[in-house]
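Spelled out, the chains give:
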Amino acid sequence: MIMTRRIIVDIVVILSIFCAPLWWITVCLLVFATFFFKRYYEIILAGLILDLLYGGGAFFWGFRFVYTVSGMVLYVALTTFKKQTRFYAGE
Amino acid sequence: MIIYYPRLAGDRFASMRKQRNIQKRTITFFVTVGLVSIFLFADGYGFLSRSVGFMAVSLWKTQNYAGNLWGGFRNLVRSKKSLVDENTKLKEDLRVLSMKLLDRNLLFEENLDLKEAMGRSVLDRTVLASVLAGPGQSLYDTLIIDIGEDFGVEIGDEVLYAGNIMIGKVTEVLKRSSKVVLFSSPGELTDVLVGDEKITTTAKGRAGGNYEIRLPRDIAIAEGDVVLLPGIMPRIVGYVEYIDVKTSDPFKLILFRDVVDSRQVREVEVVLRDKEIKK
């Protein structure tokens, strides 16, 4: 059941990467999913897809993997935060 | 009596676990090194970018098609009276704009004739492109357009809106799509002419259609001044919106905006200089 939910959320995230009119909708979805699912590595993959699709120009001194690195940082931060909370501590 | 067996078994399991952990770490290490090598040496970025771009273009084209269908359906079910009212209003607006443009067109043609008489042909070969994804969809401030190698688009080609407003440059070309970095993209530097005296300077993108310029305080620039790209055929980039002058600073900060909101751009023109259009 949890795996089915995870696959559905993954599909929604992918559609949001391609079709959501505003980037922060995708970021909110990813944060929610990282809280909801255990070891949500898809956040890093989603960052990579965002970078590959839209990346370019002089943003962040021309660094091409802004979303991927942000995904990694967000993953570590949220996982650490989850461990500190009573609700997720058992995971 | 001392029983040794459980302790031995525990040791054996601990050793097996340790061995498995070493195996896991070795595999992770080699996979990471492999992925990094692909990215750095074997144009992995280009390969992955092309693959993701290929999938995305199909999805975006389907989305556009569905959007057009939905728009058509919505027009069908709207009341006839509201459509007639809107039509009348739009016709009136169009008439007023056409009158205003008459003068501009005459001057433009005269300008072209004069340049041609002086031995400079300034008519560019442009090709129309539809915007598949806009700057709101990422922090990068890029546009994805629906033409690429199939129409002869190359890296560095300039992108226009409404014929005379320069908005960006092509930075990546795929088979059926291209990536355009807007001049207002964060950190992007563009040479521009500003003010009545056409002072040459460099504008820095600040995202969301905003730019900044720093100029000595004594140079006369006013709010509303036009900002152009240099060239025989000057293209509009934006208008000065705000000037920040501090008594302690010998420079002033000039903020200007795009003429058009790039999030609402649906069609652009790509300038194909000295090239034949393949299709």
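Reading the values: rules and limits
- Residues numbered from 1 in each chain as written.
- Chains lettered and ligands numbered in written order.
- Predicted model: local features only at pLDDT ≥ 70, side-chain atom pairs only at ≥ 80, totals over all residues.
- Helix = DSSP H or I, 4+ residues; strand = E, 2+ residues; numbered from the N terminus.
- Buried ≥ 20, exposed ≤ 12 C-beta atoms within 10 Å, placed from the backbone.
- Contact = placed C-beta atoms within 7 Å.
- Domains from an automatic or database assignment.
- Expected span 1.5 Å × (residues − 1).
- Bend = angle between axes of the 7 residues up to and from the residue.
- UniProt positions renumbered as here; feature names shortened; annotations may be inferred.
- Nonpolar A, V, L, I, M, F, W, Y, C, P; charged D, E, K, R; others polar.
- Axes fitted to C-alpha atoms, helices over the stretch in contact; angles between N-to-C directions.
- Parallel < 35°, antiparallel > 145°, perpendicular 65-115°, else oblique.
- Left-handed = near helix turned anticlockwise from the far one by under 90°.
- Pairing = 2+ DSSP bridges.
- Core = buried A, V, L, I, M, F, W, Y, C linked by C-beta atoms within 7 Å.
- pLDDT = per-residue confidence, 0-100.

All right, on to the overall build of chain A then. Along chain A, the regular secondary structure elements total four helices and zero strands. Helices and strands in chain A line up, N terminus first, as α-α-α-α. The principal-axis extents of the C-alpha atoms in chain A amount to approximately 45 × 25 × 15 Å. When the 91 residues of chain A are sorted by exposure, 30% land in the buried category. When contacts within chain A are restricted to residue pairs at least 6 apart in sequence, those whose partners lie at least 24 apart make up 44%.

Here we take up the overall build of chain B. On a plain count of helices and strands, chain B comes out with three helices and twelve strands. Relative to its 279 residues, chain B shows a buried fraction of 24%.

Turning next to the domain arrangement of chain B. Accessible area lost upon the coming together of the parts is a frequently used measure of interface size. Each domain of chain B was delimited in the assignment, giving domain 1 (5-42), domain 2 (79-123) and domain 3 (189-260). For domain 2 of chain B and domain 3 of chain B, the distance between their C-alpha centroids amounts to 27 Å.

Moving on, we come to helix α3 (residues 80-117) of chain B. All names here are of chain B. Here α3 spans 53 Å end to end across 38 residues, near enough to the 56 Å set by a 1.5 Å rise per residue. Residue Leu 101 marks the point of greatest curvature in α3, where the axis turns by about 30 degrees. Little of α3 is tucked away, with zero of its 38 residues classed as buried. Following α3 by one or two positions, Gly 119 has its phi on the positive side, about 85 degrees.

With that settled, the discussion passes to the UniProt feature "transmembrane region" (unreviewed entry) in chain A. Residues and elements named next belong to chain A. The positions that UniProt labels "transmembrane region" (unreviewed entry) are, in the present scheme, residues 12-37 and 57-78. Taken as a whole, residues 12-37 contains 85% helix and 0% strand, while its terminal C-alpha atoms sit 15 Å from one another. Taken end to end, residues 57-78 is 59% helix and 0% strand, and its two terminal C-alpha atoms sit 29 Å from one another.

Moving on, we come to the UniProt feature "domain: Rod shape-determining protein MreC beta-barrel core" (unreviewed entry) in chain B. In the numbering used here, UniProt assigns the "domain: Rod shape-determining protein MreC beta-barrel core" (unreviewed entry) feature to residues 136-271 of chain B. In this annotation, residues 136-271 of chain B is assigned 0% helix and 51% strand; the end-to-end C-alpha distance for the span is 24 Å.

In this assembly, 19 residues from chain A lie in contact with 24 residues from chain B. When residues of the side of chain A that touches chain B are traced back to their parent elements, those giving at least two are α1 (2-19) and α3 (42-54) of chain A. Ranked by residue count, the leading element in the side of chain A that touches chain B is α3(A), at five residues. When its residues are assigned to classes, the side of chain A that touches chain B shows 15 nonpolar, three polar and one charged.

Take the packing of α1(A) against α3(A) next. All names here are of chain A. The contact between α1 and α3 brings their axes to 10 Å, and the two run at 20 degrees. Taken as axis vectors, α1 and α3 run roughly parallel relative to one another. Seen along the crossing, α1 lies across α3 with a hand that is right-handed. Every residue of α3 that contacts α1 at Asp 10, Val 13 and Ile 17 is listed here: Glu 42, Ala 46, Ile 49 and Leu 50. Split into classes, the residues belonging to the contact of α1 with α3 amount to five nonpolar, no polar and two charged.

So, on to unusual backbone geometry. With a phi close to 45 degrees, A:Arg39 is a non-glycine residue in the positive phi region. Following the sequence through the fold, A:Arg39 ends up in the loop between α2 (23-36) and α3.

Turning our attention to α2(A). Its 14 residues give α2(A) an end-to-end C-alpha distance of 20 Å, which sits within 8% of 20 Å, the value for a rise of 1.5 Å per residue. Where α2(A) is buried, its residues touch α1, α3 and α4 (66-84) of chain A.

This part covers the pairing of strand β8 (residues 210-216) of chain B. A regular strand carries its side chains on alternate faces of the sheet. Residue and element names in this part refer to chain B. Pairing of strand β7 (residues 199-205) with β8 involves two bridges; the strand directions are antiparallel. Residue pairing in the sheet places Gly 205 in a bridge with Tyr 211 of β8. Linking two consecutive strands that pair antiparallel, namely β7 and β8, is a turn of four residues; a positive phi of about 75 degrees is found at Ala 207 within it.

Judged by nonpolar contacts, the single largest core of 56 residues is most densely connected at B:Ile145, B:Val268 and B:Val270. The dominant element in this core, judged by the number of residues it contributes, is α3(A), at seven residues. Every residue in contact with B:Val268, bar those within four places of it in the chain, is listed here: B:Ala129, B:Val131, B:Ile145, B:Val159, B:Leu160, B:Tyr161 and B:Ile167.

As a further point, take the confidence of the model for chain A. Averaged over every residue, the pLDDT of chain A is 86; residues scoring 70 or more account for 97%. Mean pLDDT across the elements of chain A bottoms out in α3(A) (89) and peaks in α2(A) (91).

Here we come to the confidence of the model for chain B. Here chain B shows a mean pLDDT of 82. Residues at 70 or above account for 90%. Across the assembled chains, the prediction reports ipTM 0.78 with pTM 0.73.

Take the pairing of strand β10 (residues 235-245) of chain B next. All names here are of chain B. Sheet analysis places strand β9 (residues 226-229) next to β10, joined by four bridges and oriented antiparallel. Note on β10: the bridge partner recorded for Leu 228 is Ile 236. Linking two consecutive strands that pair antiparallel, namely β9 and β10, is a turn of five residues; a positive phi of about 150 degrees is found at Gly 231 within it. Taken together, the seven bridges between β10 and strand β11 (residues 251-258) define a ladder with antiparallel strand orientation. From the neighbouring strand, Tyr 239 faces β11, where its bridge partner is Arg 257. The turn joining β10 and β11, which pair antiparallel and follow one another in sequence, is formed by five residues.

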